[in-house]
Amino acid sequence: MRAQTKRERKREDFETRTNSKRAPLNLSHSSPLLLTPVLSISQQMGGAEKAKEMKYVLVTGGVVSGLGKGVTASSIGVVLKACGLRVTSIKIDPYLNTDAGTMSPFEHGEVFVLDDGGEVDLDLGNYERFLDVKLTKDNNITTGKIYQHVINKERRGDYLGKTVQVVPHITDAIQEWIERVAKIPVDGEEGEPDVCVIELGGTIGDIESRPFIEALSQFSYRVGERNFCLVHVSLVPVLNVVGEQKTKPTQHSVQRLRALGFTPSILACRSSKPLEDNVKEKLSKFCHVPIDNIISLFDVSNIWQIPILLKEQKVHEAILKRLKPSSISSEPALEEWKKRAEICDNLQESVRIAMVGKYTGLSDSYLSVLKALLHASIACERKLIIEWVPAPDLEEKTKTEQPDLHEKAWNLLKGADGILVPGGFGDRGVEGKILAAKYARENNIPFLGICLGMQIAVIEVARSVLHLEDANSTEFDAKTSHPCIIFMPEGSKTHMGGTMRLGSRRTIFEELDCLTAKLYGGVSFVDERHRHRYEVNPDMIVELEKAGLAFVGKDETGKRMEILELRTHPYFVGVQFHPEYKSRPGKPSAPFLGLIAASSGQLDTILHKLTQENQSIANKATSNNMSISKPSGYYNPYMHTNGNGLLKDGSMTPKGNGIHLKGEAAGLA
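Everything quoted here is computed from the prediction, not taken from an experiment.

Across its full length, the protein holds 22 helices and 22 strands. Partitioning the intrachain contacts of the protein with sequence separation of at least 6 by distance along the chain shows that 73% fall at a separation of at least 24.

A few words on the packing of aromatic side chains. Under the defined criterion, the tally for this structure stands at 10 aromatic pairs. Relative to Y581, the ring of F112 has its centre 5.0 Å away and its plane inclined at 70 degrees; by these criteria the two rings are edge-to-face. Here F112 is found in strand β3 (residues 112-113), whereas its partner Y581 is found in the loop between β21 (572-575) and α21 (590-599), with 469 residues between them in sequence. Residue F112 shares its accessibility class with Y581, and that shared class is buried. Through pairs of rings, three or more aromatic residues link up here, namely Y359, Y366 and W388. Geometry around W304 places R340 over its ring, the cationic atom sitting 5.6 Å from the centre. Over the face of the ring belonging to W337 we find R340, whose NZ or CZ atom lies 5.5 Å from the ring centre.

So, about helix α10 (residues 277-287). Along an α-helix, residues three or four positions apart point the same way, because every turn accommodates 3.6 residues. Among the residues making up α10, those that are buried are V279, K280, L283, S284 and C287. The buried residues of α10 occupy an angular sector of 135 degrees when projected down its axis, which confines them to one face. α10 presents D277 and K285 as exposed residues on the side facing more than 90 degrees away from its buried surface. Directly after α10, the chain includes H288, whose backbone phi takes a positive value near 60 degrees.

One open sheet holds the three strands; their spatial order is β14-β15-β18, and the pairing between them is mixed. Two strands close off the open sheet at either side, each with one partner strand: β14 (472-473) and β18 (534-536). In the sheet, strand β15 (residues 483-487) pairs with β18 via three bridges, with the strands oriented antiparallel. Note that in β18 the partner of I486 across the bridge is E535. With respect to the sheet, helix α18 (residues 452-464) is in contact with β14, β15 and β18, its orientation differing from that of β15 by roughly 150 degrees.

Looking now at the pairing of strand β9 (residues 294-298). Burial runs high along β9: four of the five residues are buried. Relative to β9, strand β8 (residues 266-271) runs parallel, the two being bridged by five bridges. Following the sheet pairing, C269 is matched in β9 by S296. One crossover worth recording links β8 to the parallel β9 by way of α10, and it is right-handed.

Summed over all chains, the structure comprises 30 salt bridges. As a salt-bridge pair, R180 and D138 come within 3.2 Å of each other at their nearest N and O atoms. Taken together, the residues span a long stretch of sequence, with R180 in helix α7 (residues 166-182) and D138 in the loop between α5 (123-131) and β5 (140-142) at a distance of 42 residues. D138 sits in the partly exposed class, given a relative accessible area of 23%. When the shortest N-O distance is used, the salt bridge between R441 and E442 registers 3.7 Å. Among the residues examined, R441 registers a relative accessible area of 17% and is labelled buried. Judged by its relative accessible area of 48%, E442 falls in the partly exposed class.

Look at helix α14 (residues 367-379) against α21: their axes get within 8 Å of each other, and the N-to-C directions meet at 55 degrees. The orientation of α14 with respect to α21, classified from their angle, is oblique. Read as a crossing pair, α14 and α21 show a hand that is right-handed. When α14 is examined against α21, the residues V369, A372, L373, A376, S377 and A379 are found in contact with a partner set consisting of F592, L593, L595 and I596. Partitioning the contact of α14 with α21 into residue classes produces nine nonpolar, one polar and no charged.

Our focus in this paragraph is the side chain of R463. Locating R463 in the fold gives a position in helix α18. In this structure the side chain of R463 is engaged in a polar contact, spanning 3.0 Å, whose partner is the side chain of E431. In this structure, R463 is in contact with E431, I434, L468, E469, A471 and N472, ignoring residues within four places of it in sequence.

Burial runs high along strand β2 (residues 87-93): seven of the seven residues are buried. With burial as the criterion, each face of β2 is covered, one bearing V87, S89, K91 and D93 and the other bearing T88, I90 and I92. As paired strands, β2 and strand β6 (residues 195-200) are joined by six bridges and run parallel to one another. Its bridge partner lying in β6, K91 is registered against E199.

Of note, the bond from V167 into P168 is cis; its omega dihedral lies within 30 degrees of zero at 15 degrees. Checked against the element boundaries, P168 lands in helix α7. One non-glycine residue, C451, adopts positive backbone phi at about 60 degrees. The residue C451 is located in the loop between β13 (447-450) and α18 in this model. Judged by relative accessible area, which is 5%, C451 ranks as buried.

Counting 96 residues, the largest nonpolar core has V57, L373 and L420 as the members making the most contacts within it. Setting aside chain neighbours within four positions, we find V57 in contact with I76, L80, V195, C196, V197, I198, C229, V231, I319 and L323. Residues V421, A457, I485 and L566 belong to the second largest nonpolar core, which totals 45 residues.

Mapped onto the fold, E128 is located in helix α5. Among the residues examined, E128 registers a relative accessible area of 0% and is labelled buried.

Take the sheet that holds β2 next. One open sheet holds the seven strands; their spatial order is β5-β2-β6-β1-β7-β8-β9, and the pairing between them is parallel. Looking at strand neighbours, the two that pair on one side only are β5 and β9, the edges of this open sheet. On average, adjacent strands in this sheet sit at an angle of 20 degrees to one another, irrespective of strand direction.

Right, let's talk about the environment of E276 for a bit. You can see E276 is positioned in the loop between β8 and α10. By relative accessible area, E276 is classed as partly exposed at 41%. For the pair formed by E276 and S296, sequence separation is 20 residues and the distance between their alpha carbons is 9.1 Å.

Another aspect to go through is the confidence of the model for the protein. Low pLDDT marks stretches whose predicted atomic positions should not be read closely. Summing up the model confidence of the protein, the mean pLDDT is 85 and the portion of residues at 70 or higher is 83%. Within the model, pLDDT remains below 50 along residues 494-498, and this stretch shows six contacts once partners closer than five positions in the same chain are excluded. For residues 663-669, every residue scores under 50 in pLDDT, and the model assigns this stretch 12 contacts once sequence neighbours within four places are set aside.

Cut-offs applied
Residues numbered from 1 in each chain as written. Predicted model: local features only at pLDDT ≥ 70, side-chain atom pairs only at ≥ 80, totals over all residues. Heavy atoms only, no water. Helix = DSSP H or I, 4+ residues; strand = E, 2+ residues; numbered from the N terminus. Contact = heavy atoms within 4.5 Å. Phe/Tyr/Trp six-rings, centres within 6.5 Å; stacked < 30°, edge-to-face > 60°. Buried < 20%, exposed > 50% of the residue type's maximum accessible area, 1.4 Å probe, protein only. Lys NZ or Arg CZ within 6 Å of the ring centre and 35° of its normal. Arc of directions from axis to C-beta. Pairing = 2+ DSSP bridges. Axes fitted to C-alpha atoms, helices over the stretch in contact; angles between N-to-C directions. Right-handed = clockwise from strand over helix to strand, strands pointing away. Salt bridge = Lys/Arg side-chain N within 4 Å of Asp/Glu carboxyl O. Parallel < 35°, antiparallel > 145°, perpendicular 65-115°, else oblique. Left-handed = near helix turned anticlockwise from the far one by under 90°. Nonpolar A, V, L, I, M, F, W, Y, C, P; charged D, E, K, R; others polar. Polar contact = N/O pair within 3.5 Å; in protein donor to acceptor, adjacent residues only side chain to side chain. Core = buried A, V, L, I, M, F, W, Y, C linked by side-chain atoms within 4.5 Å. pLDDT = per-residue confidence, 0-100.

Okay, structure coming up:
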């Protein structure tokens, strides 16, 4: 065999280096504080082909919380996506919790559940609805996750005896996490996204967010100004006494932001009315932001107006001018958003739904449920009115102690067109929910029970129809002689976080002729997201079915009950999963569509239309010699094949815009 020449050996060494896998960043902990990028081989050798650069849009908030950073971040994503860019999102929550799973809804609103079982901040639900993407638990960064990650590395000895500190170890970990997650495709297509929209929770100046601010400051310097755009959301209030828009809160917020190493590229100002020209000029002068980059985010009739508002003020031009991405189209196409916003504003006939729960004092506790109801009501061309019914107020104990509240709660329940009992934990209000299910069953009122709502429906039938007076869930009565609902064998009774049955699971329809299967479009199975520890006792199924309940959907083992129906009732449905997490405007979730349709007298019409559409699709597929099926225009199509089908619509976000809330939980602007 001929020996290699010196020239051949050098060429082989070069090819080996070129083909080797390289880390995108040099985050060595002995490196200087301001990190430098590691160039690709083509960049080092001056090659003609330049590596694709990820673009980042950071959204921060100032003055007060609750200004709508999540809405703004989601809407920016919508506009950029409409320009032809592929968009992903990251939410940073500076709290120490590892995730949102153990937090009370009163603390932070609902816990949103992702396909991979991640229990995350409700803003990720906004991102999924707006951007039509499927996010992962890594798209939600918390202080707890970062510190846990760094401490685990320290315990393994990864830092080689170094003193582990906030800078550089925590800040490096934050940057690594952002860069890794930003490259993960979330839209069902291959290849990296073009833009990552990052929302930093809280307000500028919060002590708990300082490590993230430092990390993002380093990050913006390292990736360069052509790849990083900062949008600062602030408040421009109007004092009733003076009657003019005041800029000082925003000025001070921007000053603090600049002191931390940031200068905003775009200033998004929340106000009750559009910003006056002289106010924009003043903000531009004192905040060092071009006047064209000062955006007026004033109150609108419904949340679908926000992307349109951003487009009209040419936010996309300001962002694209700075980031200069390689793949963009012309003006953003938002016709669907305009149409949806107009429909929402012009609905006349109403449908009244009683929401029976224990977190009725804060509408964000049931945010995804409210959105799913709204999606379904728009599909049925009805204005949604929510009647908040505190479950404890329906109970006999309240009748004795506070008769006025008891009477008010029952009047609201009896005046509703339909009743919904959402999920929840704990025994407070359970008896009231059981009474609500009983009233719906006995009076033929459309009823939908979700998770715990399905379980209380089972308990009610066992007590009222089977006359098992002490029938209960072992969650509420561990010594009951008739345990209708039992603890799942794989669950944990000692650890709360991440120990439930979480994420996307398959439900198989036992019969395709049942009401729920028809609403889902005649499919044989659905993939929906779960979050529960207890389930229907399989040993009592025979008795319960004799009482009239039909368990029409089960898991793949056939032992877990997923969907129940009461055949003698116009619409009495319970689901163990949470269908609200996958509902979309224009593609409402099937159980919610059924509830609204039944409550407004349109169920037969909707079922007939679904049947015709599915038959038309089947005939078309047959004529084309195809064996595929296409989702109906009404039901949630995430699960026709592998559960990962995607939609082309966006959605709304907190505070129930477009929903007419009644009672204390309304709180609408």
